[in-house]
Structures are given as structure tokens and as C-alpha cells.
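What follows is each chain in one-letter form.
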Amino acid sequence: MLWRLPPCPAYDVEGTESWLTDMAAQGWMLEKGSFLLGVASFEKAKPAAVRYRLEAAPKHASDWDDNGGSPGFEAVEMNADSGWEFVARRGQFYIYRSETGNSLELHTDPQVQALAIKTLQRRQIGNLCTTMSWGIIHSLLYFWKGFSLVLAAADEGPSIVLLTVLIPLWMAGSGIVQVVHLQKLKKKLKEGIPLDHRKGWRKGQSRFYGIRLLRILLIALWVVLVFHMWDKDITNFGKQERADYQGALPFATMSDFAEGVYEPTWRDLRYDYVMEWNNAILNRGIRWYEHAAVHCPDGSVLQGGLHVVYYDAASGWMAKALAFEYLRAERARARENYEPLKCPDFGLDEAVAYRNEFHFPCVILRKGNIVLHAMFFQTGSGEELPLAEWAGILAASLA
Amino acid sequence: MPRKSLGVMTESMFYTIMAFQAGPRCGTEISALIEELTGGRIQLGPGTLYTILSKFLEVGYLREVSVEGRKRTYRLTEDGRQAYKTELARLNQCILDASAVATFALREGDAPN
């Protein structure tokens, strides 16, 4: 038994036919039901002049079909009567072989064969359009709901975002290449030119293997990154209790908002934590979720929660993009609940205040490469500390 | 919605539709009949015949009338008959045109090839 990766894509009819014929000449006959997971299996035989021919599946063929994606009985019988044995399916092509040199060719009319290719091509265009439409609709829906690639890149790293974009684009590109190849094949057949069953398949072999390998590696990397992201989320990876945090925070927190006795009010790592990270587009990122009460000397209590997301971006341009996207995402999520608030200048590059989807007051501050988003909700009798004051303390704290 | 026509037929397609003029037939009978009719000049590869039958079924030129084991028998529909007549008329016109050209060439003094 010999396992081989095909040297050309499934839609390269001439390449596949030539390759299989050459393998038979070397004494390797394609095994029945081969091409499991795209890999061809061969069994040792006497070297022979065997003709292999591919036939475009008239209907979508898949392993999940009742007959396992095999051609209809009538086609198999009809071809077998003329000396053509059905061997396997590769993608949307059925592979037949004839070991007798005098049997009639499987396809005797190139223009009719062009019709079969045309049917397949139309089906592939339909699939491509459906997949692309879904991709576009989903992307727009996510965008509309406030998903941002820039923020995702800052939070999860640019690699996973790049791969999430690149892999579907690559697949769409492969689909287009396939349709174009089928178009060329169809054109040739329509002109009455029969297919070249002895086409040199070695020429593009290295390129094909290289592209295939790269695609597998990228998909594997994407799966690992997605799994890591999911794992991080459910295991609270990277989060630490605020009390244990040893780093120097580059922004003010609730203890800076009022003088008094500080008392944490919520000790749950899911909602009260500090997390620090960096990646290729972020020198430093900090997520600060604080829930506390400050008992002031005058008897008043400042109680609530301060959620800060701090980005020290790799460039001023990136900081600008992050601030823009943060606001867009917040507006998209809040919809009609979004309420712009008056915000003092603070002498920064940008300062925006608003009420978010939960009707809590928020600010987005930008200074140089720094972007800070803060939401401060107060759970006392009212909003004792006005936004201008706490946002001012935060703005002043930005180095 | 009217089904799409296949347009101009290739020789294989024309002989296949012609094979149904005498009545319903199955795939192997069609190949044998065409080979006999043309003295072996036209031999339909099984892949070609199967594609033609599938296309004719798709556009409604044929209809399956019986299935005995793995043998399927088809008959021509009214659309198929009409398509055959149209194609036959086109080919007859080609022959008439060819004759006219030959007559024209003789008049001009050039012998037809």
C-alpha cells in the first residue's frame, strides 16, 4: 500500500488523469474508494498502461450522501459495459479507469464533456456566491452589532484576527481559481479540443504542495489560537486579583477619586480583576475591573464600579484607530440607549463622554499613543461624583 | 417556467435524440443503434452518452418510462420531439444552402470542390 498526496488540485482534470496513468505505469494502481481526506492510496500491481479518466459529477457529490457520493448505478453500469471501472471520487470528479487498450474512450465528444464541466462550474459558482454572501452578511452583522477587528486585534493579538480574515479570503480565492480553471477547460472542450490525458503534472507540483502545506499550517495555527482564546476566557487566564497586583498603574483608580477608607466590595475574579498583556500592536494593555467603596471623612460613601481598558498603542495612528473603533463599537452596542454627554477638553488629543448600553457614564480619552476607556457607575443614592470630576482625575493621571 | 433549450446540438446529441424516434430506449440500445446506423462512424463513449441523457432529462427532452433492475428506459417528450424537428430543419437548411452554393459556383464557372 502506498499513500500519496495528489500533485494537483481535484479540478485539474488533465493533471490528475496523467498522474494516475503514470502511477499505474510504475506499478501502482489507485485503490478503490481512495482519496480519503484527500490522500490517494495505491496498491502494488504489475506496471501497466492504464487509462484514467475523470468525469464531472452531474450533481453535488459528498461523503454524506446516501451512496457515499458515488455516481449513479446507471452511469457505473453503462461505463463498466464499455470497459470503464469506477474507482474513486475526488472532490466533484468521478475517477474511472480502463485496463484494456481497445475500449472506447469514456468521452468521445468534447463539446458534450464541456456541458458536464459547465454544470459543475455553475454549481461551484453558486456555492461560492452563497458562501461569500454569508461571509459578507455575517461580517456586516458583527460590524453592526459592534464587533471591531481593530479592538479584537488589540485584545486578542493581531495574529488571530489576521488569520480569521485571511483564511476565508484564501478559501474564496481558491474557489475563484477553481472556477477560472474550469472555465478554461470548458472553453477548450467547447472548441472541440479533447483534453490532454498525458499532461505534465510535475511542473506545478512543488507549488501546489507548498500552498497546501501553508494552508494546513495556517488553519492549524488558527485553531490553536481560537482554542487558547476560549481557554483563557473560561479559566480566567491572565486575570489576577487587584490586591495581588504588583505593577504600577498608569492611570487613576477609585482610591484617587475620593479620600477616605477604601473597601473592596466584590471579590470575584470574573468581575473584579486586573489583567495586563501586550502584543505586536500594543506596548501595554490593562483591563481594570474595580468594585469598591470609599468611606469619606465627612461620612459620605463613594461606592460603585470602575471599569478601565487602557491601551498603550504601538503608534499614534493605532491609538487614533482604537479610540475611534471603541466609540463606534459602544454606539453600535448601545443603539438608542447611547447618549452623548458633555465632556470637558482636559487638554488631551481626544475626550468623549457618553452613556453606554447600560446607561452608565463612560469616557474615552486619548493622549499620544494612549487610549483609555472608563466606565464609572455609582451605586449610592445618585451620581455623587460628577463625570467631569472623575474623568478629569483620570485624564490628569495619563502620563 | 419554460426549461432552457440546449441550443445547437452536436452530432452525438443529434444522433442520440434521433435514436428515440422509433420509441423508448435504454442507454446501451442507443449506443448500439447509433453505431449500426452510422456504420461505426459514430461511437458514443459511455461518459458522453450519460452526459447527453442527463442533459436531455434536465431540459425535458426525455422522460424516464421504466426501470428494470439497473436498466432505465427513456422516451422522447413533446419538447424533445420539437427540438429534434428544429435541429433536423436546421441541418436540412444547411444541405440546401450547400447545394445552392454548388449551383452558384457552377454558374460562376468554378467547379465545386
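Further up the page is the structure itself.
Residues numbered from 1 in each chain as written. Chains lettered and ligands numbered in written order. Predicted model: local features only at pLDDT ≥ 70, side-chain atom pairs only at ≥ 80, totals over all residues. Heavy atoms only, no water.

1. Some remarks on empty space enclosed by the protein
Residues and elements named next belong to chain A.
Phase 1 of the analysis: Under the criterion given, the structure shown has one cavity of 30 Å³ or more.
Phase 2 of the analysis: A volume near 40 Å³ is recorded for the largest cavity.
Phase 3 of the analysis: Lining the largest cavity are Val13, Leu54, Glu55, Ala56, Phe93, His107, Gln113, Ala116 and Ile117.
Phase 4 of the analysis: Looking at the lining of the largest cavity, the elements that each hand over two or more residues are strand S4 (51-56) and helix H3 (110-144).
Phase 5 of the analysis: For the lining of the largest cavity, the class distribution of residues is six nonpolar, two polar and one charged.
Phase 6 of the analysis: When residues of the lining of the largest cavity are assigned to domains, at least three map to each of domain 1 (2-98) and domain 2 (110-235). (1 Å grid on protein atoms, 1.4 Å probe; cavity = no way out; pocket = protein on both sides within 12 Å on 5 of 7 lines; lining within 4 Å. Points joined across faces, edges and corners; volume = space filled by probe spheres on them. Helix = DSSP H or I, 4+ residues; strand = E, 2+ residues; numbered from the N terminus. Nonpolar A, V, L, I, M, F, W, Y, C, P; charged D, E, K, R; others polar. Domains from an automatic or database assignment.)

2. Digging into the layout of surface pockets
Phase 1 of the analysis: By volume, the second largest pocket is sized at about 690 Å³.
Phase 2 of the analysis: Lining the second largest pocket are 29 residues, and of these A:Pro58, A:Lys59, A:Gly72, B:Tyr50 and B:Ser54 sit closest to its centre.
Phase 3 of the analysis: Looking at the lining of the second largest pocket, the elements that each hand over two or more residues are S4, helix H2 (73-81) and H3 of chain A together with helix H3 (46-59) and strand S3 (71-76) of chain B.
Phase 4 of the analysis: Of the residues forming the lining of the second largest pocket, the biggest block, seven residues, is contributed by H3(B).
Phase 5 of the analysis: Partitioned by chemical class, the residues of the lining of the second largest pocket number 13 nonpolar, eight polar and eight charged.

3. Quick look at the side chain of A:Glu55
Phase 1 of the analysis: Mapped onto the secondary structure, A:Glu55 falls in strand S4.
Phase 2 of the analysis: Here A:Glu55 sits buried without a salt bridge, and the closest side chain of opposite charge, A:Arg53, lies 10 Å off (N-O distance).
Phase 3 of the analysis: Residues within four places of A:Glu55 in sequence aside, it is in contact with A:Asn79, A:Gln92, A:Phe93, A:Tyr94, A:Tyr96, A:Leu106, A:His107, B:Gly47 and B:Thr51. (Buried < 20%, exposed > 50% of the residue type's maximum accessible area, 1.4 Å probe, protein only. Lys, Arg positive; Asp, Glu negative; His and termini not counted. Salt bridge = Lys/Arg side-chain N within 4 Å of Asp/Glu carboxyl O. Contact = heavy atoms within 4.5 Å.)

4. Section: the packing of H3(A) against H3(B)
Phase 1 of the analysis: At a minimum axis distance of 9 Å, the contact between H3(A) and H3(B) shows a crossing angle of 60°. Classified by the angle between their axes, H3(A) and H3(B) sit oblique to one another. Here H3(A) runs over H3(B); the crossing is left-handed. For the pair H3(A) and H3(B), the contacting residues are A:Val112, A:Leu115, A:Ala116 and A:Thr119 in the first and B:Thr48, B:Thr51, B:Ile52 and B:Lys55 in the second.
Phase 2 of the analysis: Partitioning the contact of H3(A) with H3(B) into residue classes produces four nonpolar, three polar and one charged. (Axes fitted to C-alpha atoms, helices over the stretch in contact; angles between N-to-C directions. Parallel < 35°, antiparallel > 145°, perpendicular 65-115°, else oblique. Left-handed = near helix turned anticlockwise from the far one by under 90°.)

5. Quick look at H3(A)
Residues and elements named next belong to chain A.
Phase 1 of the analysis: Taking 1.5 Å per residue as the helical rise, H3 with its 35 residues ought to reach 51 Å, and the 50 Å between its terminal C-alpha atoms agrees with that figure.
Phase 2 of the analysis: Between the side-chain oxygen at the start of H3 and the backbone nitrogen of Gln111 there is a gap of 3.0 Å, and the oxygen is on Asp109.
Phase 3 of the analysis: Of the residues one or two after H3, Gly146 is the one with positive phi, at around 105°. (Expected span 1.5 Å × (residues − 1). Polar contact = N/O pair within 3.5 Å; in protein donor to acceptor, adjacent residues only side chain to side chain.)

6. Details of the packing of aromatic side chains
Residue and element names in this part refer to chain A.
Phase 1 of the analysis: Throughout the structure, instances matching the rule amount to 20 aromatic pairs over all chains.
Phase 2 of the analysis: The interplanar angle of 40° and the centroid separation of 6.3 Å between the aromatic rings of Phe257 and Trp390 together place this pair among those described as tilted. Taken as a pair, Phe257 in helix H7 (residues 254-257) and Trp390 in helix H9 (residues 387-397) lie far apart in primary sequence, 133 residues in all.
Phase 3 of the analysis: A relative accessible area of 6% places Phe257 in the buried class.
Phase 4 of the analysis: Put simply, the rings of Phe86, Tyr94 and Tyr96 touch in pairs and so form one group of aromatic residues.
Phase 5 of the analysis: Residue placement shows Lys239 over the ring face of Tyr273; its charged tip is 4.3 Å from the ring centre.
Phase 6 of the analysis: The positively charged end of Arg335 is found above the aromatic ring belonging to Trp144, 3.9 Å away from the centroid. (Phe/Tyr/Trp six-rings, centres within 6.5 Å; stacked < 30°, edge-to-face > 60°. Lys NZ or Arg CZ within 6 Å of the ring centre and 35° of its normal.)

7. Description of unusual backbone geometry
One can expect most non-glycine residues to show negative phi and most peptide bonds to be in trans.
Residues and elements named next belong to chain A.
Phase 1 of the analysis: Positive phi values are uncommon outside glycine, yet Leu37 reaches one of about 55°.
Phase 2 of the analysis: As for its position among the elements, Leu37 is in the loop between strand S2 (28-30) and strand S3 (40-44).
Phase 3 of the analysis: Positive phi, close to 50°, is recorded for Arg335, a residue that is not glycine.
Phase 4 of the analysis: Within the secondary structure layout, Arg335 lies in the loop between helix H8 (316-334) and strand S12 (339-341).
Phase 5 of the analysis: For Arg335, a relative accessible area of 33% puts it in the partly exposed group.

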